[in-house]
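Residue strings, one per chain:
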Amino acid sequence: MASLRDLLQRYRPVGTPGAAARPGVPADRAAEVATELEPVLALLAGTEDEMRHLREEARAEAHRIRQEAARQADDLVAAAHDRASEVRAQAAANARAAASPDGELIVEAARENARRLRERAAVMLPEYVGRAVATALSTGQVAR
């Protein structure tokens, strides 16, 4: 429906100030354009509905994809946490296995060194005991 202003605009005299001219009713361009475009725009109404439907479907699909991605991310994080403990345990086992031969060699070397010290002590002990007894007897410090 046309507004009051549009209605009054139709009856405004056409012409420029100055010499008198024939009065006329100007053409209503807005009404002409509307009349011309209404059939075309009516044809686009179905396209607009289809566009709205496609947008809704796209939003739903995007929401579903985001939920699926979040679920996959949660699964990956959980798997990574599970795998991390396995990897730590394997790394510790590898480190122990790599250090084990060196550790065994060190322990074996220490045992061999202790055995040699015991043999040397067994050989030298009688001599040192004899010296200690002789020193004690010569100074008279042995209680009888």
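Keep in mind that what you see is a predicted model, and the values were worked out from it rather than measured.

**Focus: the overall build of the protein**
Okay, step 1: Check the secondary structure of the protein and you find two helices and zero strands.
Okay, step 2: The 144 residues of the protein split such that 0% are buried.
Okay, step 3: Of the accessible surface of the protein, which amounts to about 12900 Å², a share of 61% is contributed by carbon and sulfur atoms.

**Observations concerning a nonpolar patch on the surface**
Okay, step 1: A cluster of nonpolar side chains, V33, L37, V40, L41 and L44, forms an exposed patch at the surface whose accessible area comes to about 410 Å².
Okay, step 2: For L41, the location among the structural elements is in helix α2 (residues 29–139).

**Some thoughts on the pattern of salt bridges**
Okay, step 1: Tallied over the entire structure, the rule returns 10 salt bridges.
Okay, step 2: Between E112 and R116 there is a salt bridge, and its shortest N-O distance comes to 3.8 Å. Here R116 and E112 lie together in helix α2, a separation of four residues that amounts to about one turn.
Okay, step 3: A salt bridge links R131 to E127, with the shortest nitrogen-to-oxygen separation between them at 2.6 Å. Residue R131 and its partner E127 are both found in helix α2; the two are separated by four residues, about one turn of the helix.

Each value, and the rule that gives it
- Residues numbered from 1 in each chain as written.
- Predicted model: local features only at pLDDT ≥ 70, side-chain atom pairs only at ≥ 80, totals over all residues.
- Heavy atoms only, no water.
- Helix = DSSP H or I, 4+ residues; strand = E, 2+ residues; numbered from the N terminus.
- Buried < 20%, exposed > 50% of the residue type's maximum accessible area, 1.4 Å probe, protein only.
- Areas by Shrake-Rupley, 256 points an atom, 1.4 Å probe, with all protein chains shown as cover.
- Patch = residues over 30% accessible without salt bridge, like charges linked within 9 Å, V, L, I, M, F, W, Y side chains within 5 Å.
- Salt bridge = Lys/Arg side-chain N within 4 Å of Asp/Glu carboxyl O.

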